[in-house]
Amino acid sequence: MTDTGTPIVRMTDIHKSFGHVQALRGVDLDLHAGRVLGLIGDNGAGKTTLVKIMAGVFPPSRGTVHYKGEQVRWKNPSQSRASGLEIVYQDLGLVPIMNIARNFFLGKEPRSRWGFLDFDHMATESLRAIAEMGIFLDDAEELVENLSGGERKALAISRSLYFGVQVLMLDEPTAALSVKETHAVLDLMETLKERGIATVFITHNIHHAYAVSDHFVALNAGVKVLDADKADVTPEMLTEAVIGEPLAQVTSHSLAASVGNGNPEN
Amino acid sequence: MTINATDPVSVDGTDRRGRDDFRRRVNRMVRRIPELGIFSTLVLLVGVFSIGAANFRTVDSYTSILTVAANVGIVALGCGFLMISGEFDISVGSVYLIATLFFAQMANAGLIPPLAFLVTLVLCAVIGLVNGLITVNLRIPSFIVTLAAMMFYRGLHIILTRGFSVSYKADKEFLEMVAGITFSLMRNTVIWWILLAIILQVVLAKTRYGNWVLATGGDAQAARNSGVPVSRVKVINFALCSLLAGFAGAANMARFLTSQSQLGMGMEFEAITAAVIGGTLLMGGKGSMVGAVLGAIFVSVIRSGLIFFGYSSYIYMPVTGIILMLAVIINRGFSNFRLLQFQRSDA
Ligand SMILES: Nc1ncnc2c1ncn2[C@@H]1O[C@H](COP(=O)(O)OP(=O)(O)O)[C@@H](O)[C@H]1O
Ligand SMILES: [Mg+2]
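Residues numbered from 1 in each chain as written. Chains lettered and ligands numbered in written order. Predicted model: local features only at pLDDT ≥ 70, side-chain atom pairs only at ≥ 80, totals over all residues. Heavy atoms only, no water.

Brief notes about the sheet that holds strand 10 (residues 223–229) of chain A
All names here are of chain A. Note the cut-off: Strands are labelled as partners when DSSP assigns at least two bridges between them. Put simply, DSSP H or I for four residues or longer makes a helix, DSSP E for two residues or longer makes a strand, and each gets a number counted from the N terminus. With axes taken as lines fitted to C-alpha atoms, and helix axes fitted only over the stretch in contact, angles between N-to-C directions fall between 0 and 180 degrees. Residue contacts follow a heavy-atom distance rule, with two residues in contact if any of their heavy atoms lie within 4.5 Å.
Pairing in this open sheet of 6 strands is mixed, and the strands run 6-7-8-3-9-10 from one edge to the other. Two strands in the sheet have a free side with no partner beyond their single neighbour: strand 6 (85–88) and strand 10. The mean angle between the axes of side-by-side strands here comes to 15°, regardless of whether they run parallel or antiparallel. With 5 bridges joining them, strand 3 (residues 36–40) and strand 8 (residues 198–203) adopt parallel strand pairing. The residue of strand 8 that forms the bridge with L37 is V200. The strands touched by helix 8 (residues 235–243) within the sheet are strand 3, strand 9 (215–220) and strand 10, with strand 9 carrying the most contacts at an inclination of about 25°.

Quick look at the pattern of salt bridges
Rules: By salt bridge we mean one thing: a side-chain nitrogen of Lys or Arg within 4 Å of a carboxyl oxygen of Asp or Glu. Only protein chains enter the accessibility calculation, which uses a 1.4 Å probe. A residue is then buried if its area is under 20% of the maximum for its type, exposed if over 50%, and partly exposed in between.
The tally for this structure, following the rule as stated, stands at 12 salt bridges over all chains. The salt bridge involving E86 of chain A is made with R81 of chain A; its shortest N-O contact spans 4.0 Å. The two residues E86 of chain A and R81 of chain A agree in class, both being buried. The partner of R303 of chain B in a salt bridge is E270 of chain B, and the shortest N-O contact between them spans 3.1 Å. Of this pair, R303 of chain B sits in helix 13 (residues 289–308) while E270 of chain B is found in helix 12 (residues 267–277), placing the two residues 33 residues apart along the sequence. Judged by relative accessible area, R303 of chain B falls into the partly exposed class, the value being 29%. Beyond isolated ion pairs, a larger network of salt bridges with shared partners links E125, R128, E132 and R195 of chain A.

Concerning the packing of helix 5 (residues 113–138) of chain B against helix 6 (residues 142–161) of chain B
Residues and elements named next belong to chain B. Heads up, the rule is: Crossings are sorted by hand: turned counterclockwise from the far helix by less than a right angle, the near helix makes the crossing left-handed, and turned clockwise it makes it right-handed. In this count, Pro and Cys sit with the nonpolar residues alongside Ala, Val, Leu, Ile, Met, Phe, Trp and Tyr, while Asp, Glu, Lys and Arg are called charged and the others, Gly among them, polar.
Running from N to C, helix 5 and helix 6 cross one another at 145°; their axes reach a closest spacing of 9 Å. For the element pair helix 5 and helix 6, the recorded crossing hand is right-handed. For the pair helix 5 and helix 6, the contacting residues are I127, N131, I134 and T135 in the first and S142, V145, T146, A149 and Y153 in the second. For the contact of helix 5 with helix 6, the residue count by class is 5 nonpolar, 4 polar and no charged.

Some details on the environment of A104 of chain B
Residue and element names in this part refer to chain B. Turning to its location among the elements, A104 is positioned in helix 4 (residues 92–108). Spatially, the C-alpha atom of A104 lies 44 Å from that of R31, the residues being 73 residues apart in sequence. Setting aside residues up to four positions removed in sequence, A104 forms contacts with V166, Y168 and M253.

Some remarks on the pairing of strand 8 of chain A
All names here are of chain A. Rules: With the strands aimed away from the viewer, a crossover counts as right-handed if its path from the first strand over the helix to the second runs clockwise.
Buried residues dominate strand 8, accounting for 6 of its 6 residues. Side chains A198, V200 and I202 project from strand 8 onto one buried face, and the interleaved T199, F201 and T203 project onto a second face that is buried too. Alignment of strand 7 (residues 167–171) against strand 8, held across 5 bridges, turns out to be parallel. By the bridge assignment for strand 8, L168 is matched with T199. Each parallel crossover has a hand, and for strand 7 linked through helix 6 (residues 179–194) to strand 8 it is right-handed.

Things to note about the confidence of the model for chain A
As a note on interpretation, predicted positions should not be read in detail where pLDDT is low. Residue and element names in this part refer to chain A. Convention followed: As a per-residue quantity, pLDDT reports the predictor's confidence and falls between 0 and 100.
Taken over all residues, the pLDDT of chain A has a mean of 87, while the share at 70 or more is 90%. By mean pLDDT, the top-scoring element of chain A is helix 3 (residues 100–104) (97), and the lowest-scoring one is helix 9 (residues 252–260) (43). Segment residues 248–266 is flagged for pLDDT under 50; beyond a separation of four residues in sequence, or across chains, it makes 23 contacts in the model.

Some words on the nonpolar core
Most often, soluble globular proteins have nonpolar side chains that are buried together. So the rule is basically this: By nonpolar core we mean a set of buried residues, namely Ala, Val, Leu, Ile, Met, Phe, Trp, Tyr and Cys, connected to one another through side-chain atoms within 4.5 Å.
Within the largest apolar cluster, 93 residues are counted, with the highest numbers of intra-cluster contacts made by V75, L77, F103, F117, W193, F298 and V301 of chain B. The element contributing the most residues to this core is helix 3 (residues 59–84) of chain B, with 13 residues. Core analysis: the next-biggest nonpolar cluster, separate from the first, contains 35 residues, L94, I100, L127 and A140 of chain A among them.

Quick look at the domain arrangement of chain A
Residue and element names in this part refer to chain A. Operational definition: How far each domain reaches was decided by an automatic or database domain assignment.
Taken domain by domain, chain A holds domain 1 (1–84 + 166–266) and domain 2 (94–163). Summarising the inter-unit geometry, the C-alpha centres of domain 1 and domain 2 are found 28 Å apart. Contacts between the two partners involve 13 residues from domain 1 and, on the opposite side, 11 residues from domain 2. Our count for the domain 1 to domain 2 interface comes out at 1 salt bridge.

Concerning the side chain of T182 of chain A
Residues and elements named next belong to chain A. Residue position: T182 is located in helix 6. Accessibility expressed as a relative area gives 7% for T182, which makes it buried. Once residues lying within four places of it in the same chain are set aside, the contact partners of T182 are T174, L177 and H208.

What follows is the structure in structure tokens.
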């Protein structure tokens, strides 16, 4: 797939430090509508930090973010969400003991006359939107805690789509899923492409990334070590980039500090 | 791979249509009418007491049970609503007490009683507002914040009254409306209580704000990520909780015309017990105002039932303690049961 048109998101020379930890050092990244970017890297490489900057969770220490050609400085994630960028976190931001319909419309509840919640609308719309992801549920009053991991993911993603997301960042969406559910989530990404969504697929599983991504960016200790179309790389090259020594611009001392502080949970 | 939305079988086999077995239907009913359990238990209890004790099955005894229930029940509504959003208020007994004093003093000082009543409610709401702002902004557990408030306002009452009781000496016409007997059957407080419960139940179950309350208590971080103003919801509920405690206190003044410093002691635990027996989760995220009403009636039935059966009133506390424990286990048990039965394996 070749690079056409202007990117919907362009990040330029992004740096981010947390105290002594340099999480990102001069990363550039472009996203295009209808394409999946596989953002790969070992734990602590800076993947989550990069998308959090894109979504306005915190600002970069240095560097710029352009969205649809204009430079943006998000004040908070609500602002970026209102403009169509959203992160789907690993824990998905769902309330387990609330039902599907209530979760789906949380924060954007539709109201009928007299200002009461429009439950009929909430139920039919949420089930319909989730069905478009290939997941068929029949009871919108089912509690989210009773759904499987794949079903929850479909709920979270279909909710973002329903409310007009244009850039979707999926942080480790296949972590802690069964094989079957992993396939379901990877299939969801095909749906996202068809819908023209610019998707960032964060994972440290090369095979998952390779299966669905059009383009790859690999981070290694906060440095971009690879940026290539799928046609130009093999899974072996991606693995190499992720686990290999980062490029020379990093001193061994600062690298040790950064890797040493890597958060194994991420 | 392309997914066809009309294709009945999804890629991971997730298709629940047509799987409407008995267990799922029971499950759904429990979810829709969570008060069913407490309601049937209550009916059973009243039945047993009514058969067992002749003086229990009189209209007078039933109405007095309701009057007693209304007093703590109004407070339980506020406590329950706040608990659903994931916070506690154990200062309600002290707020209840200070409200009796506010109301009496302002009316005695010449403020017309309806206005004195209203100002009392506003002052109590401000107390809750302060509790809420401290909890949310300084990130101190609400249990500690309201423990401090509990001591502060009871102490304030003793300082202001120097330990003496204060009587209501103003015009009593308005008091009839608050706590008198209009329908020659039961006190008006019961009517106010039921009205408040209905309003709050509708807000909780059928409005956008109610959805925010449930989400805030269910998972505050997820709610925040979805754009719910979590802190504001909590602060509003603190204010509401204190306002209702103040309402119950001022209504108590309207009935007994006196404010003395032991009023409302232990009320926080009775109110929380009523809410929990009525199905409110201690952790928040779930609960019902109808349930809280039934819970308050339940506690009141136990109290007078034990007396009618000739037990010492000391037994009321341990019995209520055991019932509270059972209620917590049952509330949790229900969700565990559901998890066991219906959570589809992720592994
Ligand atoms: N909020 C934060 N405060 C301090 N350090 C952080 C914070 N977020 C991330 N880091 C650090 O930045 C580095 C990159 O983290 P992260 O972006 O989460 O990596 P990844 O998602 O690739 O696993 C890690 O060393 C991590 O400990
Ligand atoms: Mg991460």
